Amino acid sequence: MQLGGPPDPSPIRTRFPPEPNGYLHIGHAKSICLNFGLALDYAGRCHMRFDDTNPVKEDQEYVDGILDAVRWLGFSWDAGGEDNLYFASDYFGWFYEIAEHLIRAGHAYVDSQSADEMRVARGTLTEPGRDSPYRARTPDESLALLREMRAGSYAQGTHVLRARIDMASPNINLRDPVLYRIRFAHHHRTGDAWCIYPMYDYAHPLSDALENVTHSLCTLEFEDHRPFYDWILERAAEGGFFQRPLPRQIEFARLNMTYTVTSKRKLQSLVQSGAVDGWDDPRMPTLVGLRRRGYTPESIRLFAERIGVSKAHQWVDPSVLEGALRDDLDAKAARAFAVLDPLKLELTDVPADFDEPCAAPVHPHHPDRGQRRFALTREVWIEREDFQAQPPKGFFRLFPGNRVRLKHGVVVECTGFEADADGRPTKVLATVLPDSKSGTPGADAYKVKGNIHWVSARHGLPAEVRMYDRLFTDPTPDAGDKDWLASLNPAAKRVVRAVVEPTLATAAADERFQFERHGYFVADRVDHRPGAPVFNLAVTLKDSWAKK
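A brief report on the enclosed structure follows. Since the structure is predicted, the reported quantities are computational estimates derived from the model, not experimental observations.

**Side note on the overall build of the chain**
Moving on, step 1. A tally of helices and strands in the chain yields 11 helices and 27 strands.
Moving on, step 2. In terms of overall dimensions, the chain is more spread out than a globule: its C-alpha atoms have a radius of gyration of 31 Å, far above the 24 Å expected for 548 residues.
Moving on, step 3. By its C-alpha atoms, the chain is 100 × 50 × 40 Å across when sized along the principal axes.
Moving on, step 4. Put simply, 70% of the contacts in the chain that link residues at least 6 apart link residues at least 24 apart.
Moving on, step 5. Of the roughly 24,400 Å² that the chain leaves accessible, carbon and sulfur atoms contribute 50%.
Moving on, step 6. For the chain, the centre of its 69 positive side-chain charges and the centre of its 77 negative side-chain charges are spaced 4 Å apart.

As structure tokens, then:
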């Protein structure tokens, strides 16, 4: 958009501009899908830009993590032969040149008040601000001071560069906002080349204009900043830096999700205190956490599509995100048996070396994906909840004298059980009914109401299974003056020693399965190993919180 440049071949340009001071969370996913999605819909381009103007909090680790998250979601910034990866720090020279222009044109001055003095003089929502005693500095004096600031001649906090707009404006953001401050800090890209750094509200519109961005989409908290966004661009255009039309800022409502905290400061506190196991803890709302939990890029894009975009503030329940994952995985995830709370079942009327081959579909709706094959043995594991010594009314699973089908196997009749000194069952005993194997002609002769899953005790694979739930028990944990840490859910992570069917021995990290009757699980992308499987609960088959 600089004067004399060639016409832009792209009809629209959007941008996703995170600050590299933390990992992206589910709220950022909405912005990513919106900005990159609009560019795709209108044959435009979306820029990936880092607003890296605060060297104190930024790090290359976050840059790498953000790029990886955007790619994982399925978006790219190098479409159409253009590599649209940018950093605001690449424009530090331009920002400074425009700052000098603003001083020469009478639109900016160097203020030497302390931060406290400026805060008091700024006024309130009902009272106008007061002019700084340095507001009348001549352009030559301010220009000389700015150059000395740039050269490192002054300590932090001694001077700032401010826009000269209107200290009586009803919009506090127009009361001579700060454009530059002194900060002696090593920048992750520019090193120690600069000791003055631009403020976000100054750098952001100029970055948009330098990149030919047409639609600058941001959340509603920036609505009151739009007049300053426009003011900066108009002054720069008057100085010949940019052509019109200038970028246009458009606001939308940010994502607010119940039972969730998305403040980077608070998320960092959870990590540093050990309340969670890192930024990628599956309980975290970060994209790396959701990925490790088992969420797919498709499910997150579907979620963003379902919640839509508007200016109306809304609270979204996590069940909407969970529903998107269920809908995505239902058609994709291979099925498998897993017993999470094992209780042994012994078939007393078969020999010790009994090894009956059984088969089940990899996916019930996709026969082309083939069959899973496993064996029924004399001893199998069943879920502890599938047996009751004294069953309540309506219980159709195993109890003395009752018959159930071992799914994809045979019909068995419970003949008794063994228990420990406290009366807790340690083994269930049963016999096999003849000609009852699934898929054989005689199997239809048996009508049973119970159908339970199982895993062979001989062939089953021991596994660590991590059961996850919502991180907070309060739907709005950090609203108002609440102690947000008081509602941390102590049951948000539970580790069980489970047994899974032997076909899962070849499961790869990040591979997702439906453990029948339990939910959707993923092989942990960090800790899962051949011979030592670790699975994470991604989402239950139904919304368990709807009953709470």
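The discussion continues.
**Comments concerning the pattern of salt bridges**
Moving on, step 1. This structure, assessed with the given rule, holds 56 salt bridges.
Moving on, step 2. The shortest N-O distance in the salt bridge between glutamate 346 and lysine 427 comes to 2.8 Å. Here glutamate 346 is found in strand β14 (residues 342-347), whereas its partner lysine 427 is found in strand β20 (residues 425-432), with 81 residues between them in sequence. With respect to burial, glutamate 346 and lysine 427 carry one shared label: buried.
Moving on, step 3. The closest approach of N and O atoms between arginine 466 and glutamate 464, which form a salt bridge, is 2.7 Å. Each member of the pair arginine 466 and glutamate 464 is classed as buried.
Moving on, step 4. When salt bridges with common partners are traced through the structure, they connect Asp280, Arg292, Glu464, Arg466, Arg497, Asp524 and Asp527 into a single cluster.

**Overview of the packing of aromatic side chains**
Moving on, step 1. Using the criterion set out here, one finds 22 aromatic pairs in the structure.
Moving on, step 2. Taking the centre distance of 5.9 Å and the plane angle of 75 degrees together, the rings of phenylalanine 92 and tryptophan 194 count as edge-to-face. Of this pair, phenylalanine 92 sits in helix α3 (residues 92-104) while tryptophan 194 sits in the loop between β6 (178-182) and β7 (196-198), and the two are 102 residues apart along the sequence.
Moving on, step 3. Ring plane angle 40 degrees and centroid distance 5.7 Å describe the contact between tyrosine 200 and phenylalanine 222, whose orientation is recorded as tilted. Of the two residues, tyrosine 200 is situated in helix α6 (residues 200-210) and phenylalanine 222 in the loop between β8 (215-219) and α7 (226-238); the sequence distance between them amounts to 22 residues.
Moving on, step 4. Through a chain of ring-to-ring contacts, the aromatic side chains of Tyr91, Phe92, Phe95, Tyr96, Tyr180, Trp194, Tyr197 and Tyr202 assemble into a single cluster.
Moving on, step 5. In this structure, arginine 189 is placed above the aromatic ring of phenylalanine 87, and the distance from its NZ or CZ to the ring centre is 3.6 Å.

**Side note on helix α10 (residues 297-307)**
Moving on, step 1. Every buried residue of α10 is accounted for by Pro297, Ser299, Ile300, Phe303, Ala304 and Ile307. Burial along α10 is one-sided: seen end-on, the buried residues are contained in an arc of 165 degrees.
Moving on, step 2. Of the surrounding secondary structure, the elements contacted by the buried residues of α10 are α1 (26-41), α2 (60-72), β10 (256-257), α9 (287-293), β11 (315-316) and α11 (318-330).
Moving on, step 3. Glycine 308 occupies a position one or two residues after α10 and carries a positive phi of about 70 degrees.

**Brief notes about the packing of α10 against α11**
Packed helix pairs are specified by the crossing angle of their axes together with the interaxial distance, meaning the distance between the axes.
Moving on, step 1. Interaxial distance between α10 and α11 falls to 8 Å at its minimum, and their mutual angle equals 130 degrees. Classed by the angle they form, the pair α10 and α11 counts as oblique. Crossing hand, α10 versus α11: right-handed. Packed against α10, whose contacting residues are Glu298, Ser299, Leu302, Phe303, Arg306 and Ile307, the element α11 presents Val320, Leu321, Gly323, Ala324, Leu325, Asp327 and Asp328 at the interface.
Moving on, step 2. Residue composition of the contact of α10 with α11, grouped by class: 7 nonpolar, 2 polar and 4 charged.

**Details of unusual backbone geometry**
Moving on, step 1. Proline 245 follows arginine 244 through a cis peptide bond whose omega is 5 degrees.
Moving on, step 2. Tracing the sequence through the fold places proline 245 in the loop between α7 and β9 (248-252).
Moving on, step 3. Residues other than glycine seldom take positive phi values, yet aspartate 176 does so here, at roughly 45 degrees.
Moving on, step 4. Within the secondary structure, aspartate 176 sits in the loop between β5 (160-163) and β6.
Moving on, step 5. Not every positive phi belongs to a glycine, and aspartate 510 is a case in point at roughly 75 degrees.
Moving on, step 6. Among the structural elements, aspartate 510 can be located in the loop between β24 (493-500) and β25 (512-515).

**Some remarks on the sheet that holds strand β1 (residues 13-16)**
Strand-to-strand pairing in sheets goes through backbone hydrogen bonds, with the strands running parallel or antiparallel.
Moving on, step 1. Across the sheet, which stays open at both edges, the 3 strands sit in the order β1-β2-β3 with parallel pairing between neighbours. If you trace the sheet from one side to the other, it starts and ends with β1 and β3 (85-87), each paired once. Across the sheet, the axes of successive neighbouring strands diverge by a mean angle of 35 degrees, strand direction being ignored.
Moving on, step 2. The strands touched by α1 are β1 and β2 (45-50); relative to β1, the strand with the most contacts, the crossing angle is about 160 degrees.
Moving on, step 3. Set on the sheet, α2 makes contact with β1, β2 and β3; between it and β2 the angle comes to about 160 degrees.

**Quick look at helix α8 (residues 264-273)**
Moving on, step 1. Of the residues making up α8, those classed as buried are Lys266, Leu267 and Leu270. The buried residues of α8 all sit within an arc of 105 degrees when viewed along its axis, so they share a single face. In α8, the exposed positions angled more than 90 degrees off the buried face are occupied by Arg265 and Gln272.
Moving on, step 2. The positive-phi residue at the C-terminal boundary of α8 is glycine 274, with phi of around 85 degrees.

**What about the pairing of β14?**
In summary, the side chains of a regular strand alternate between the two faces of the sheet.
Moving on, step 1. Counting buried positions along β14 yields 6 of 6 residues, so the element is predominantly enclosed.
Moving on, step 2. Residues Pro342, Lys344 and Glu346 point to one face of β14 and Leu343, Leu345 and Leu347 to the other, with burial holding for every one of them.

Procedures and definitions
By convention here, each chain's residues receive numbers from 1 onward along its written sequence. Per-residue local features of the predicted model are confined to residues with pLDDT of at least 70, and side-chain atom pairs are confined, for both listing and counting, to 80 or more; whole-chain, interface and lining totals are unaffected and use all residues. Excluded from the side-chain calculation are hydrogens and water; included are all heavy atoms of the structure. Secondary structure is summarised from DSSP: a helix means a run of H or I of at least four residues, a strand means a run of E of at least two, and numbering begins at the N terminus for each. Values of the radius of gyration come from C-alpha atoms, whereas the globule rule sets the reference at 2.2 Å times the count of residues to the power 0.38. Here, two residues are considered to be in contact whenever any of their heavy atoms come within 4.5 Å of each other. What sets the accessible areas is the Shrake-Rupley method with a 1.4 Å probe; for residues, cover comes only from the shown protein chains. Charge assignment: positive for Lys and Arg, negative for Asp and Glu; neither His nor the chain ends contribute. Note that the charge is assigned to NZ on lysines, CZ on arginines, CG on aspartates and CD on glutamates. Every case where a carboxyl oxygen of Asp or Glu lies within 4 Å of a side-chain nitrogen of Lys or Arg is listed as a salt bridge. Residue burial is assigned from relative accessible area. The probe radius is 1.4 Å, only protein chains are included, and a residue is buried under 20% of its type maximum, exposed over 50%, and partly exposed in between. Note on aromatic pairs: the rings of Phe, Tyr and Trp (six-membered ring only in Trp) are paired at centre separations within 6.5 Å, and the planes decide the class, stacked below 30 degrees, edge-to-face beyond 60, tilted for the rest. A ring is scored as having a charge over it whenever the NZ atom of a lysine or the CZ atom of an arginine sits within 6 Å of its centre and within 35 degrees of its normal. As used here, the arc is the angular range of directions from the helix axis to the C-beta atoms. Orientation is described by axes fitted as lines to C-alpha atoms, over the contacting stretch for helices, and by angles from 0 to 180 degrees between their N-to-C directions. Working rule for angles: under 35 degrees goes down as roughly parallel, over 145 as roughly antiparallel, 65 to 115 as roughly perpendicular, anything else as oblique. Two helices cross in a left-handed way if the nearer one is turned anticlockwise from the farther one by less than a right angle. They cross in a right-handed way if the turn is clockwise. Amino acid classes used here: Ala, Val, Leu, Ile, Met, Phe, Trp, Tyr, Cys and Pro are nonpolar; Asp, Glu, Lys and Arg are charged; the rest, including Gly, are polar. Whether two strands pair depends on DSSP finding at least two bridges between them.

In short, shape yes, function no, at least from these values alone.
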